[in-house]
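# Remarks on the overall topology
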Amino acid sequence: MIVCVAVVGHQNNPLYLQSFTEADDALKLHHIVHCSLDVIEERVNNPKKSGPTLNETFLGLLYPTENYKVYGYLTNTKVKFILVTTDLEVRDADVRSFFRRFHAAYVDAVSNPFHVPGKKINSKTFAARVSSIVKTFGSGAA
């Protein structure tokens, strides 16, 4: 189950963070997302040490914690997408599909002429689309 998704700008500024849990653990999820930025920076700056090549946008599993697994995706414009899940057995194909759909939703949101680049995404349409993508995660829908 996905507990959090985040969009982080190229200057590591949070553009969007949505929690999908009933509990009030937003601060903990913010911390997990913030810690994952260090792992992304390390992978981008030291490509020889990690698996993905330079032109690969899917960064894979960034790090596991006791309760969560954190996955990352880096766009060509250095915008980072972060996925936090409680599922211990997640297929890479499902995560790649999620990030492709999430990226498409992000592109549609920032293509809005009223969106100011680099500012938080406040679109209700984007939030609804993200919720829809999260609900279908792992069900094989593409």
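Residues numbered from 1 in each chain as written. Predicted model: local features only at pLDDT ≥ 70, side-chain atom pairs only at ≥ 80, totals over all residues. Heavy atoms only, no water.

Another point: the nonpolar core. Among the nonpolar cores identified, the biggest contains 25 residues, and Val5, Leu83, Phe98, Phe99 and Phe126 are the most heavily contacted of them. The set of elements that each furnish at least two residues to this core consists of strand E1 (2–8), strand E2 (14–19), strand E4 (69–74), strand E5 (80–85), helix H2 (92–110) and helix H3 (124–135). The element that contributes the greatest number of residues to this core is H2, accounting for seven residues. Beyond its immediate chain neighbours, meaning those up to four positions away, phenylalanine 126 contacts Tyr16, Phe102, Ala105, Tyr106, Ala109 and Ile121. Counting residues in hydrophobic clusters, the runner-up holds 18 residues, among them Cys4, Tyr63, Tyr68 and Val70. (Core = buried A, V, L, I, M, F, W, Y, C linked by side-chain atoms within 4.5 Å. Buried < 20%, exposed > 50% of the residue type's maximum accessible area, 1.4 Å probe, protein only. Helix = DSSP H or I, 4+ residues; strand = E, 2+ residues; numbered from the N terminus. Contact = heavy atoms within 4.5 Å.)

Within this structure, the stated rule accounts for ten aromatic pairs. Ring geometry for tyrosine 73 and phenylalanine 99: centres 5.3 Å apart, planes at 20°, overall stacked. Of this pair, tyrosine 73 sits in strand E4 while phenylalanine 99 sits in helix H2; the two residues are 26 residues apart in sequence, bridging distant segments of the chain. An identical accessibility class is assigned to tyrosine 73 and phenylalanine 99; each is buried. On the numbers, 5.3 Å between centres and 70° between planes, the contact of phenylalanine 81 with tyrosine 106 is edge-to-face. Taken together, the residues span a long stretch of sequence, with phenylalanine 81 in strand E5 and tyrosine 106 in helix H2 at a distance of 25 residues. Each member of the pair, phenylalanine 81 together with tyrosine 106, is buried. Through pairs of rings, three or more aromatic residues link up here, namely Tyr16, Phe58, Tyr73, Phe81, Phe98, Phe99, Phe102, Tyr106, Phe126 and Phe137. (Phe/Tyr/Trp six-rings, centres within 6.5 Å; stacked < 30°, edge-to-face > 60°.)

Tracing the backbone shows aspartate 25 in the loop between E2 and helix H1 (26–45). The contacts of aspartate 25, once residues within four sequence positions are left out, are Ser19 and Tyr68.

Keep in mind that these numbers describe shape and distance, not what the molecule does.
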